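# Remarks on the overall topology
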Amino acid sequence: MPCSRLLLASIHDVSPRFEGEVDRLTDLLRPHVGNRIAMLVVPNHWGSAPIVLNSSFAGRLREWSNEGFEIFLHGFYHRDASRHDSLSNSLRGKLMTAGEGEFLGLSKREAAARIAEGRKLLEDITGRGIAGFIAPAWLYGKGALEALANADIPLAEDHFRVWSPANDAQLARGPVITWASRTRPRLLSSLMAAAALRRAPIKALRIGVHPPDVRHPVLVRSIQSTLSVASRTRTPARYGDLLAA
Ligand SMILES: [Zn+2]
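Conventions and cut-offs
- Residues numbered from 1 in each chain as written.
- Predicted model: local features only at pLDDT ≥ 70, side-chain atom pairs only at ≥ 80, totals over all residues.
- Heavy atoms only, no water.
- Helix = DSSP H or I, 4+ residues; strand = E, 2+ residues; numbered from the N terminus.
- Rg over C-alpha atoms; globule rule 2.2 N^0.38 Å.
- Buried < 20%, exposed > 50% of the residue type's maximum accessible area, 1.4 Å probe, protein only.
- Contact = heavy atoms within 4.5 Å.
- Areas by Shrake-Rupley, 256 points an atom, 1.4 Å probe, with all protein chains shown as cover.
- Lys, Arg positive; Asp, Glu negative; His and termini not counted.
- Charge placed at Lys NZ, Arg CZ, Asp CG, Glu CD.
- Donors = N, O, S within 2.8 Å, 3.2 Å for Na, K, Ca; no water.
- Phe/Tyr/Trp six-rings, centres within 6.5 Å; stacked < 30°, edge-to-face > 60°.
- Pairing = 2+ DSSP bridges.
- Axes fitted to C-alpha atoms, helices over the stretch in contact; angles between N-to-C directions.
- Parallel < 35°, antiparallel > 145°, perpendicular 65-115°, else oblique.
- Left-handed = near helix turned anticlockwise from the far one by under 90°.
- Nonpolar A, V, L, I, M, F, W, Y, C, P; charged D, E, K, R; others polar.

## Focus on the overall build of the chain
Looking only at helices and strands, the chain has eight helices and ten strands in total. For 245 residues, the compact-globule estimate of 2.2 N^0.38 gives 18 Å, and the chain sits close to it at 17 Å. Over its C-alpha atoms, taken along the principal directions, the chain stretches across nearly 45 × 40 × 35 Å. Looking at the chain as a whole, 52% of its 245 residues are labelled buried. Partitioning the intrachain contacts of the chain with sequence separation of at least 6 by distance along the chain shows that 71% fall at a separation of at least 24. Carbon and sulfur atoms provide 54% of the accessible area of the chain, an area that totals close to 11200 Å². Taking the 32 positively charged and 23 negatively charged side chains of the chain as two groups, their mean positions are separated by 7 Å.

See below:
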């Protein structure tokens, strides 16, 4: 490899609901990282955008996988519909995600069932094992972590690290660069964070983009400059490369 610092790029919330946005995000990333793109796929976004076997969207997932993109399971419904048993988890879920932390309040049994069902769907579509599991909004409750440890999943990540759930080995650390657009203050602070972090001396720098990002030209410009700065001094890589390192 020409340089030991890595760049890991991912597209969140890949769903038939956001097909147009995902295409635009792919076009943004590809000139910088080629096919080294992690697709974080939601099997049935909010319970109303199911990915169906043999549908045209399933065909697109298979094509991306054939092209070398990594296919991650990203929750099942994405939305957090469970009742949390602890107040702190409930507040954390609401404050951080506006209710998108699906795996924050699930029991081990429910988390395991959703992981198994989502995984089977994606693996039936692509004919390959999933690259890993990433919880919506990077939020894992106790049940989710216990289910993951037993699920034979190669990789997971949260906002601060990438790890191997089977043995809890840490594979990468450092915050993900990501953008927010729900409120003006969050949008502005995400622009500042991206500008600072893209030059940070992090060994494996992660950049995660979301469908709503493409609706804001200022975010698109920030994504482009972040990718262009980061790819100048880093080797685009796949998450799976962390396991081989
Ligand atoms: Zn998501």
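## Quick notes on the coordination of the zinc ion
Under ideal tetrahedral coordination, the four donors around a metal are separated by 109.5 degrees; under ideal octahedral coordination, the six donors are separated by 90 or 180 degrees. Coordination of the zinc ion by the protein comes from Asp13 (OD), His74 (NE2) and His78 (NE2), over a distance range of 2.0 to 2.1 Å. We classify histidine 74 as buried; its relative accessible area is 1%.

## Quick look at the packing of aromatic side chains
All told, the structure shown has six aromatic pairs when counted by the stated rule. Considering the side-chain rings of phenylalanine 57 and tryptophan 64, the 6.1 Å spacing of their centres and the 75 degrees angle between planes classify their relative orientation as edge-to-face. Residue tryptophan 64 is classed as buried on the basis of its relative accessible area of 4%. Measuring from centroid to centroid gives 5.2 Å for phenylalanine 72 and tyrosine 239, while their planes differ by 70 degrees, and the two rings are edge-to-face. Of this pair, phenylalanine 72 sits in strand 3 (residues 70-73) while tyrosine 239 sits in the loop between strand 10 (235-236) and helix 8 (240-244), and the two are 167 residues apart along the sequence.

## Here's the deal with unusual backbone geometry
The phi dihedral of asparagine 54 falls on the positive side, at around 70 degrees, and the residue is not glycine. Residue placement: asparagine 54 occurs in the loop between strand 2 (37-41) and helix 2 (56-67). With a relative accessible area of 71%, asparagine 54 lands in the exposed category.

## Here's the deal with the pairing of strand 7 (residues 169-173)
Inspection of the sheet shows strand 6 (residues 161-164) paired to strand 7 by four bridges, in the antiparallel sense. Counterpart to serine 164 in the pairing with strand 7 is alanine 169. Counted between consecutive antiparallel strands, the loop separating strand 6 from strand 7 contains four residues, among which aspartate 168 sits at a positive phi close to 65 degrees.

## Describing the packing of helix 4 (residues 108-126) against helix 5 (residues 142-149)
Axis separation between helix 4 and helix 5 bottoms out at 7 Å; the angle between their running directions is 55 degrees. The angle between helix 4 and helix 5 places the two elements in the oblique class. Of the two possible hands of crossing, helix 4 and helix 5 adopt the one that is right-handed. Residues Lys108, Ala111, Ala112 and Ile115 of helix 4 pack against Gly143, Ala144, Glu146, Ala147 and Leu148 of helix 5. Residues that form the contact of helix 4 with helix 5 fall into these classes: six nonpolar, one polar and two charged.

## What to know about the environment of isoleucine 223
If you trace the backbone, isoleucine 223 turns up in helix 7 (residues 217-233). Overall, isoleucine 223 belongs to the buried group, its relative accessible area being 0%. The sequence separation of isoleucine 223 and arginine 60 amounts to 163 residues, and the corresponding C-alpha distance is 24 Å. Those residues within four positions of isoleucine 223 in sequence are excluded, and the remaining contacts are Leu28, Trp179, Val209 and Asp213.

All quantities given are derived from atomic positions and should not be read as evidence of function.
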